[in-house]
Each structure stands twice: as structure tokens, then as C-alpha cells.
Amino acid sequence: MEAYFQLAYIAAAVLFIVGLKMLGRADTARRGNTVSAVGMLVAVVATLLQSGVDYAVVFAGLVVGGGVGVFWSRRVQMTQMPETVALFNGAGGGASLLVGWAEFLSRPGQDTVTAIATVLAVLVGGVTLTGSIVAWGKLSERVSGRPILFGGQQVVNGALLLAAVVVGVLFAMNPGGGYAWLLVAIAVALVLGVLSVIPIGGADMPIVISLLNSYSGLAASAAGFVIDNTVLIVAGSLVGASGLILTQIMCKAMNRSLTNVLFSGFGSATQSTGQAVEGEVKAMTPEDAYFVLEAANNVVFVPGYGMAVAQAQHAVKELADLLEENGAEVRYAIHPVAGRMPGHMNVLLAEANVPYEQLVEPGDVNPNMEMVDVAVVIGANDVVNPAAKEDKGSPLYGMPIIEVDRARTTFVLKRSMKPGFSGVENPLFYKDNTRMVFGDAKAVLGQLVAEFKSD
Ligand code: NAP
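1. Details of the overall build of the chain
Each helix and strand in the chain was counted, giving 17 helices and six strands. In summary, the chain has a C-alpha radius of gyration of 25 Å against a globular reference of 23 Å for 455 residues, a match within 12%. Projected onto its principal axes, the C-alpha positions of the chain cover 80 × 55 × 35 Å. When each of the 455 residues of the chain is scored for burial, the buried share is 47%. Counting only contacts in the chain whose residues sit at least 6 apart along the sequence, the fraction spanning at least 24 positions is 78%. Carbon and sulfur atoms make up 64% of the accessible area of the chain, which totals about 21,300 Å². Side chains of the chain give 27 positive and 35 negative charges; the mean places of these two sets differ by 4 Å.

Shown next, in the form of C-alpha cells:
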């Protein structure tokens, strides 16, 4: 029988890997999700059959947890997904902490390897739990999104990290009698989670979320060693590794190193906000914008967080179809950190059935930006801010952007002159070739569509 369980675990691991691979492309992502979910079902069923647990308790957990999940997920808006992901990461970390703790209490006399795994599950899980709760608070604006800095912060964090290592070693050396050390490890991890995330803010939160996601995987993997469950080790390692890869991609997209993200206090109130912006803002009505679009041969849409807020993705697609009927070439330039979570824009545009081939990365569109007749910025701000390349004093300096300031004409669809997530003013709005089309993105796009249709 044991061999069948192991076979089921291998099948689950293969389904995870194939699912992950499919998640890498927008056109296969939905199926990839299903494939991975089937893998998880296989893993859960095999584990339940193998462990011979009390099924009444499992069923009760399933009903309560599933019920809360369904009830709550129906209330989560698309724009609240990042903070929801933060909470999921925290729940994963918390679960690993509890598994390590409970296993220690229920099976005393651990060997050294299990003790190391236990203390790792507790430490990494604890940091993930409280770090994610702080990230959730910042992203949902329940606490200030700005970095919270105090004197000697890095020394305190360094001391806590050292304490975590020392306590971990002491526990692993004496697992039988080390309960007090385990409790200290839990306390240190919970405090470290809070203190390591509060100094991070501004536009760096996506990187933190993806790093915490990676931590939750590593904690789960350690918990897998504690309870000797192969599939948990594999699944945790996959989450840990993919989270780290994503973290690296995001750092590259923002032209920052991970150390800089974690320790620089980016976006704090004390930082320079760069040069004062000069120039004149030129507003345009949707009716006038229509005439420019009508004559355009090459149009690039640049969606951002505002498109998600306005739920304007279907209106963008409708306008794109009309432009194509009118003979224009249409593309969508997607910045890796546009919106509030990795892949945010891709998900929304896929929902509106935008063809995957029309999505381009900044590196593909920037070299030929002068050939673009109209760049239509839909609720994007930071990802098109030229201060990132022009103003050395700007906190955004060095972040690669979509260089719409070099297009022949740029329309910016947003409601006001307010800055975006990073709080940095945008000189794009004052450039000669920029026209601000003020209003809710969906409403403005709807007006443009109506103009095309009435033609
Ligand atoms: P952004 O810089 O936050 O700007 C979004 C703009 O959308 C705002 O300036 C806002 O201006 C406009 N807007 C809001 N509601 C709108 C509506 N209904 N209609 C039209 N416009 C609307 O967005 P972004 O350019 O996408 O950049 C993303 C930022 O978020 C980056 O700084 C990134 O680092 C950060 N971030 C990203 C992630 C991620 O994983 N992608 C996660 C967390 C944070 P008005 O108020 O004037 O309308």
C-alpha cells in the first residue's frame, strides 16, 4: 500500500510542475491552475488515506475553512488581491509554525534532523506570519504604507536575526529538553517578521509580497520534513523557488537589488522627491482625442492600476477592436510592476480576451517608441514616469519605465493630477506631446468607443 501512496505523491509532484510551467503563459495559465489543483487534490487524498487521521475532525475543518473561504472570497475585489495574497502567505507561514510546534509536543524525543526542520518551520513560518500581516495592513491601507524607520533599526533587526540562529542551534542540539528554546524561537520569529517589514514601503511592497510567498514555501517544505511528507517538501520547495525567481524578476524590473529593497527605507518621508516639475498641463476632451486616434496607424495602450480600479479592460478591448477595424496596429505594453500584483494587467486583459500576441514588454516597445502615433496611458502613472530616467534625485530613478514620453502623442487617462502609488510627481503630464484626458478610465474609453461608433 505504501508504494501506492508514494506513486500518488510522485503524480501530484508532476502535476504541480506541469501546472507551474503552464502558468508561465497567459494562454495556458487557466488550465495550469486546474492541473495544479488536481495535483493538490491527489496529494491531500493520499495524505488523508495514509495518515489514518480522525476524519470527523478533518471534515469539520473542511466545512468551516471552506465555508469561510467561499464567503470571504466573494467579497474580495480584484484590486484587493495583493493584500489577499499577503494574508494567504501569512496563513501558510502560520500553518507551518503550528505544524512544527504541534509535532514537537505530540512526538517528544525528536532526532537532530527533525529538530532542525522543526525550528526552521517555526522560525520561517513565524516571520512569514507576522511579516505578511504587516504587508496586508500596508497594502489595504489599514496602516501607513510609508516605511516606518527608527534609529538603530538595522542593528535591532540584525541582533534578532542572530538571536534566531543561536536559539535554533541551541534547540537543535538539545531537542528533547529544548521546549523553552522553541518558545523563544517562536517569539523571536514573530517580532522579526514585524520589524523586517515595517521599514519597507512605497513601490517596494510587491517585492516583499513575492519574498514572503517564497518564505511560506520554504516554511512548508521544512514542515514537510517534520511530518515526513514528501509531497509537502516538493510543493513547498516549488513555492519557495518560484517565489525567489519572481522576487528576482521584480527587483530587476525596478532596477533595485534585494538588499536595497529590504534595507533602504524606500519611499520614506525624509527622502528627496526629486526636481520640481515644470511646464503646462494640456487637457483634451474625449471628442478631440477621438480625432487624433482616428488618424493613428500605430497605437500602444499602457494599462496601470487605474484600469483595474475602473474595471476598464473590456472598454479598452472594444476600443482596440474599433482601432484595428480602422486600420491601426494595436499593442498593449505591460510593465512588470503595473497594477498592484505581479501579472495584474495580464489577468485583466486576458479576462477581456485580448490576444496574448498583442501584449509586449517595455524592452520590446521602447526602442521604437518614436514610431508610435498615440500611446494611451490608462490609469498608469509610476510605470510611465520619465523622472525614473531623467531625475537622479527621484526615488524612482533607475526603474525601467515604458517610455511613452517619446511617442508622437501621449494621452493620459486619469481622474486628476494626483501621483501614483509611489507618491512621486510625474513630469510626463507636463510634456509638450502629452494630453491629459481627465475622467474615470472606463467612462472616457466608453466615450471614445461611442465616437467611433457614431462615425
Ligand atoms: P500607479 O502609479 O499607482 O498609478 C495609478 C493611477 O491610476 C493613479 O495615478 C490614479 O490617478 C489612476 N486611477 C485610479 N483610479 C482611476 C480610475 N477609476 N480611472 C482612471 N484612472 C484612475 O499605477 P501603475 O503605474 O500601475 O504603477 C504601479 C505602482 O504600484 C508601482 O509604483 C508599483 O511598484 C506599485 N505596486 C505594484 C505591485 C505589483 O505587484 N504590480 C504591487 C504593489 C505596488 P487619479 O487618482 O488621478 O485617477
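2. Comments concerning unusual backbone geometry
Even without glycine at this site, E141 takes up a positive phi of about 60°. Structurally, the position occupied by E141 is in the loop between α5 (112-139) and α6 (153-173). Using a relative accessible area of 70% as the deciding quantity, one classes E141 as exposed. Even without glycine at this site, D228 takes up a positive phi of about 55°. Take D228: it is sitting in the loop between α8 (205-226) and α9 (230-253).

3. Some remarks on a nonpolar patch on the surface
Residues M1, Y4, L7, I10, V14 and V18 make up a contiguous nonpolar surface patch of about 660 Å² in total accessible area. On the secondary structure map, Y4 appears in helix α1 (residues 2-23). For Y4, a relative accessible area of 57% gives the class exposed.

4. Here's the deal with the pattern of salt bridges
Opposite charge on two side chains lets them pair, provided their charged atoms get close. Counted under the stated rule, the structure contains nine salt bridges. For the salt bridge of K317 with D321, the shortest nitrogen-to-oxygen distance reads 3.0 Å. With a gap of four residues between them, K317 and D321 both fall in helix α13 (residues 313-325), about one helical turn apart. The salt bridge involving R408 is made with D373; its shortest N-O contact spans 2.6 Å. Of this pair, R408 sits in the loop between α16 (387-390) and β5 (409-414) while D373 sits in the loop between α15 (362-365) and β4 (374-378), and the two are 35 residues apart along the sequence. By relative accessible area, R408 is classed as partly exposed at 47%. Judged by relative accessible area, D373 falls into the buried class, the value being 15%. One network of salt bridges, in which partners are shared, links E370, E403 and R406.

5. A word on the packing of α13 against helix α17 (residues 441-454)
Two elements in contact, α13 and α17, have axes whose closest approach is 9 Å; the angle formed by their N-to-C orientations is 25°. What the angle tells us is that α13 and α17 run roughly parallel. The way α13 lies across α17 gives a crossing that is left-handed. Across from A315, V316, E318, L319, L322 and L323 in α13, the residues of α17 making contact are K442, L445, L448, V449, F452 and K453. Here the contact of α13 with α17 is built from residues that sort into nine nonpolar, no polar and three charged.

6. Description of the side chain of T118
Residue placement: T118 occurs in helix α5. T118 sits in the buried class, given a relative accessible area of 0%.

7. Some thoughts on the layout of surface pockets
Roughly 680 Å³ of volume is contained in the second largest pocket. If you trace the second largest pocket, you find 27 residues lining it, with V127, L161, L192, S196 and Y215 closest to the centre. Mapped by element, the contributors of at least two residues to the lining of the second largest pocket are α5, α6, α7 (179-197), α8 and α10 (258-263). With eight residues, α6 is the largest single contributor of residues to the lining of the second largest pocket.

8. Here we look at the site of the ligand
Surveying the vicinity of the ligand reveals 31 residues, the closest of which are N381, D382, R415, S416 and D440. Here an oxygen atom of the ligand and a side-chain polar atom of R415 are 2.8 Å apart. The backbone of F421 places a nitrogen or oxygen atom 3.0 Å from an oxygen atom of the ligand. Protein contact buries 97% of the 920 Å² of open area that the ligand shows by itself.

9. Overview of helix α14 (residues 344-351)
Residues H344, M345, L348 and L349 constitute the buried set of α14. With its buried residues spanning 120° around the axis, α14 presents them on a single face. Positive backbone phi, at 60°, marks N353, one or two positions downstream of α14.

10. Regarding the environment of I116
In this fold, I116 is placed in helix α5. Put simply, I116 and A222 are 106 residues apart on the chain and 8.6 Å apart in space, counted from C-alpha to C-alpha.

Reading the values: rules and limits
- Residues numbered from 1 in each chain as written.
- Predicted model: local features only at pLDDT ≥ 70, side-chain atom pairs only at ≥ 80, totals over all residues.
- Heavy atoms only, no water.
- Helix = DSSP H or I, 4+ residues; strand = E, 2+ residues; numbered from the N terminus.
- Rg over C-alpha atoms; globule rule 2.2 N^0.38 Å.
- Buried < 20%, exposed > 50% of the residue type's maximum accessible area, 1.4 Å probe, protein only.
- Contact = heavy atoms within 4.5 Å.
- Areas by Shrake-Rupley, 256 points an atom, 1.4 Å probe, with all protein chains shown as cover.
- Lys, Arg positive; Asp, Glu negative; His and termini not counted.
- Charge placed at Lys NZ, Arg CZ, Asp CG, Glu CD.
- Patch = residues over 30% accessible without salt bridge, like charges linked within 9 Å, V, L, I, M, F, W, Y side chains within 5 Å.
- Salt bridge = Lys/Arg side-chain N within 4 Å of Asp/Glu carboxyl O.
- Axes fitted to C-alpha atoms, helices over the stretch in contact; angles between N-to-C directions.
- Parallel < 35°, antiparallel > 145°, perpendicular 65-115°, else oblique.
- Left-handed = near helix turned anticlockwise from the far one by under 90°.
- Nonpolar A, V, L, I, M, F, W, Y, C, P; charged D, E, K, R; others polar.
- 1 Å grid on protein atoms, 1.4 Å probe; cavity = no way out; pocket = protein on both sides within 12 Å on 5 of 7 lines; lining within 4 Å.
- Points joined across faces, edges and corners; volume = space filled by probe spheres on them.
- Near = heavy atom within 4 Å.
- Polar contact = N/O pair within 3.5 Å; in protein donor to acceptor, adjacent residues only side chain to side chain.
- Arc of directions from axis to C-beta.

All we've got here are geometric facts, nothing functional implied.
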